[in-house]
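Residues per chain, in single letters:
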Amino acid sequence: MIAVNVQGLLHTTHATMPHLLKAAGDGLREVADIVNISSIAGRKAWANYGVYNLTKFGVNGFTESLRQELADRHVRVGVLEPGAVDTELGSHNNDTIHAEILNPFNEQHERLAPDDIADGIAYMVTRPRHAAIAELWVMPTDQA
């Protein structure tokens, strides 16, 4: 998790930042966008999810720092924080932890699909130039 959620984010940002700054500075785009994907776990800590919470708090902190650093460089930075999402990573959950934390959530809410995350990203990057979204929560709707 640390390699993907933290190191992956740092390496990807480092590799793409010169291109985003150049595009924004050359006027090729009015503004460049960075949308980092985090989790509601970046806002709420759960017992037995220490490393996961650590990485998501790190994504949120890094994103906020980057947003402040790039505020006047024509690069908008935001974080998308989804609720429960169905991905292939769900199969790696510890059953005890899964039952204790996620099952109550799943009983009250539908799970998001990857397309829901894509919709959230599209919303963030197609907003008007003057609009800033530092964070966007994408939550499942309550089941009827």
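Notes on the structure follow.

## Overview of the side chain of T55
So, step 1. Structurally, the position occupied by T55 is in helix α2 (residues 50-69).
So, step 2. Ignoring sequence-local partners within four residues, the contact set of T55 consists of M1, I2, N5 and V6.

## Overview of unusual backbone geometry
So, step 1. The backbone of H74 sits at a positive phi, close to 65 degrees, despite the residue not being glycine.
So, step 2. Tracing the sequence through the fold places H74 in the loop between α2 and β2 (75-82).

## Topic: the sheet that holds β2
Adjacent strands of a sheet pair through backbone hydrogen bonds, lying either parallel or antiparallel.
So, step 1. Pairing in this open sheet of three strands is parallel, and the strands run β1-β2-β3 from one edge to the other. Whereas interior strands pair on both sides, the edge strands pair on one side only; in this sheet they are β1 (32-37) and β3 (135-138). Strand-to-strand twist in this sheet, taken as the mean axis angle between neighbours without regard to direction, amounts to 25 degrees.
So, step 2. Packing of α2 onto the sheet brings it into contact with β1 and β2, and relative to β2 it is tilted by some 160 degrees.
So, step 3. Across the sheet, helix α4 (residues 114-125) touches β1, β2 and β3, and the angle it forms with β2 is around 155 degrees.

## What to know about the pairing of β2
So, step 1. Of all the eight residues making up β2, eight are buried; the element is thus mostly covered by neighbouring parts of the structure.
So, step 2. Residues V75, V77, V79 and E81 of β2 are buried on one face, and the alternating residues R76, G78, L80 and P82, pointing to the opposite face, are buried as well.
So, step 3. On the question of chirality, the crossover connecting β1 to the parallel β2 by way of α2 is right-handed.
So, step 4. Inspection of the sheet shows β2 paired to β3 by four bridges, in the parallel sense. In the strand pairing of β3, P82 is matched with V138.

The rules behind these values
Residues numbered from 1 in each chain as written. Predicted model: local features only at pLDDT ≥ 70, side-chain atom pairs only at ≥ 80, totals over all residues. Heavy atoms only, no water. Helix = DSSP H or I, 4+ residues; strand = E, 2+ residues; numbered from the N terminus. Contact = heavy atoms within 4.5 Å. Pairing = 2+ DSSP bridges. Axes fitted to C-alpha atoms, helices over the stretch in contact; angles between N-to-C directions. Buried < 20%, exposed > 50% of the residue type's maximum accessible area, 1.4 Å probe, protein only. Right-handed = clockwise from strand over helix to strand, strands pointing away.

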